[in-house]
Amino acid sequence: MSSSSSGARSLPPFPNGWYAVAWSSEVGTGDVVTSRLAGSEVVVFRTSAGASVMAAHCPHLGAHLGLGGTIVGEGIRCPFHGFCFDRQGNCVATGYGSAIPAGLAARVWPVVETDGAIFAWHHGQGLAPTFRLPDFDPTGYRALMHRSFQLKDHPQETTENSVDLGHFAVVHGYRQVQLIKEISTSGAYLNIGYSARRPLRPLGSMGPAFETGFEYDIHIHGLGYSQVDVTIPDLGLEARLLVLATPRDGEVIDLRLGLWLQDPVNRKGFLRAIPAGAVGAGAARFILNGFASDARQDFPIWENKAYVDPPRLARGDGPIGLYRRWAKQFYS
């Protein structure tokens, strides 16, 4: 029997996995930032030992740690009564020097920091992380550039676009979309690659257009982290794109898009006439703007589509069925 639900509400709202709660650049040492993850309001803070994610409300009497909470040593101090909590959530001091109430602790989430973002682990049954995110060495890349959006959607839906080959021509105007790496999975990891051609306007919407080819190698780790290695052979450019979808409250997600551009040492095409220093900055902005523009084309579809299960697939759709079978593992 086929069933559907507007806004993908037939899917459990909070699949297990790693989810971005902030860009690293948004949380300096000593900073406390408020975010949301899987129905919980959290604070993201950084001490000299690194980033932490903790429940936003103090377990003593409920004050919001993101509104006046301060970093003290390797922990956070509540603005209401001065109770202090370490990075593991344990209360280490009251505001009065008195005995700590037995068992007083704040909820914390496992955290990793990679690719210029801070990720927290969510599991519906409270289990420890079952897979890792890849480590990233930024050597040879220009500084991360990023955009952030909020929209009504589900992480499984945004991630499904990576294997939905049929929509690339209809929605984004790609031509000659071809699968160059068959889909493969291993536990929480999924990989697929394809090539396509599309028109570019490097001087803006009123400038001349030329068509060029792209190659995409997509690495997905769970439903909250997608890394897209993109190559533009005609221009000699290579980049690492990030698509980070985080469920906020069962209806809305935070969608973070990032770009790491490799320093363009082998410029080709019209880029050879541009000074090397100018190519990097300009190319990074151009690619990220195009990446974000493509995502925005999907927004009205994501926000209004129904989740059809099982889908009635046709030749040319791409391996959506295999993707959905793989995605089932992330629900408790």
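Heads up: the structure comes first, above all this text.
Criteria and thresholds
- Residues numbered from 1 in each chain as written.
- Predicted model: local features only at pLDDT ≥ 70, side-chain atom pairs only at ≥ 80, totals over all residues.
- Heavy atoms only, no water.
- Helix = DSSP H or I, 4+ residues; strand = E, 2+ residues; numbered from the N terminus.
- Buried < 20%, exposed > 50% of the residue type's maximum accessible area, 1.4 Å probe, protein only.
- Contact = heavy atoms within 4.5 Å.
- Polar contact = N/O pair within 3.5 Å; in protein donor to acceptor, adjacent residues only side chain to side chain.
- Pairing = 2+ DSSP bridges.
- Axes fitted to C-alpha atoms, helices over the stretch in contact; angles between N-to-C directions.
- Salt bridge = Lys/Arg side-chain N within 4 Å of Asp/Glu carboxyl O.
- Phe/Tyr/Trp six-rings, centres within 6.5 Å; stacked < 30°, edge-to-face > 60°.
- Core = buried A, V, L, I, M, F, W, Y, C linked by side-chain atoms within 4.5 Å.

This paragraph deals with the environment of H60. Within the secondary structure, H60 is located in the loop between β5 (50-55) and β6 (70-72). Under the relative-accessibility criterion, H60 is labelled partly exposed at 24%. Between the C-alpha atoms of H60 and C78, which are 18 residues apart in sequence, the distance is 9.2 Å. Discounting chain neighbours no more than four positions away, the residues touching H60 are H81, F83, Y96 and L104. Within the structure, H60 has its side chain in polar contact with the side chain of H81 (distance 3.5 Å).

Because the α-helix completes a turn every 3.6 residues, residues three or four places apart line up on one side. Within helix α4 (residues 320-327), 6 of the 8 residues are buried, which leaves it mostly tucked inside the rest of the structure. Taken together, the buried positions of α4 are I320, G321, Y323, R324, W326 and A327. Buried residues along α4 sit in contact with α1 (155-160), β14 (175-186), β15 (189-200), β16 (210-221) and β20 (306-309).

With that settled, consider the sheet that holds strand β17 (residues 226-232). Pairing is antiparallel across the open sheet formed by 7 strands, whose spatial order is β13-β19-β18-β17-β16-β15-β14. Single-partner strands in this sheet number two, and they are β13 (145-152) and β14. This sheet shows a mean twist of 20° between the axes of neighbouring strands, independent of strand direction. Relative to β15, β14 runs antiparallel, the two being bridged by 7 bridges. When the bridges of β15 are listed, L179 appears paired with Y194.

To continue, consider the pairing of β15. Of all 12 residues that make up β15, 9 are buried, and the element is covered over most of its length. As consecutive antiparallel partners, β14 and β15 are separated by 2 residues, and within that stretch G187 has a phi angle of approximately 60°, a positive value. Judged from the 12 bridges that link them, β15 and β16 form a sheet pairing that is antiparallel. By the bridge assignment for β16, G193 is matched with D217.

Right, let's get into the sheet that holds strand β12 (residues 117-122). Pairing in this open sheet of 3 strands is antiparallel, and the strands run β2-β12-β11 from one edge to the other. The sheet terminates laterally at β2 (17-23) and β11 (111-114), the two strands that pair on one side only. Looking at each pair of strands side by side, their axes are set apart by 35° on average, direction ignored. Relative to β12, β11 runs antiparallel, the two being bridged by 4 bridges. Across the sheet, the residue bridging to T114 is A117, located in β12.

It is worth spelling out the pattern of salt bridges at this point. In the structure shown here, the tally under the stated rule is 10 salt bridges. We note a salt bridge from D217 to K181, for which the minimum N-O separation is 3.1 Å. A residue pair is termed long-range when its members are at least 10 positions apart, and D217 in strand β16 and K181 in strand β14 qualify at 36 residues. Among the residues examined, D217 registers a relative accessible area of 21% and is labelled partly exposed. What makes K181 partly exposed here is its relative accessible area of 32%. Each member of the salt-bridge network shares a partner with another, and the members are R175, R197 and E211.

This part takes up the packing of aromatic side chains. The full count for this structure, using the stated rule, is 16 aromatic pairs. What links up through ring pairs into an aromatic cluster is the set W18, W121, F131, Y323, W326 and F330.

Moving on to unusual backbone geometry. The residue after D309, namely P310, is reached through a cis peptide bond having omega 0°. Positive phi is not limited to glycine here, since A38 has a value of about 50°. As for its placement among the helices and strands, A38 is situated in the loop between β3 (32-37) and β4 (40-47). Although it is not a glycine, D115 sits at a positive phi angle of roughly 60°. Among the structural elements, D115 can be located in the loop between β11 and β12.

A few words now on the nonpolar core. In globular proteins that are soluble, nonpolar side chains generally tend to be buried together. Core analysis: the largest hydrophobic core is formed by 75 residues, its most contacted members being F119, L190, Y216, L223, L244, L255 and W326. By residue number, the principal contributor to this core is helix α3 (residues 276-304), which donates 9 residues. If sequence neighbours within four positions are ignored, F119 has contacts with W18, Y19, A20, P110, V111, V112, T114, L133, Y225 and L244. Counting residues in hydrophobic clusters, the runner-up holds 15 residues, among them V43, M54, I76 and C78.

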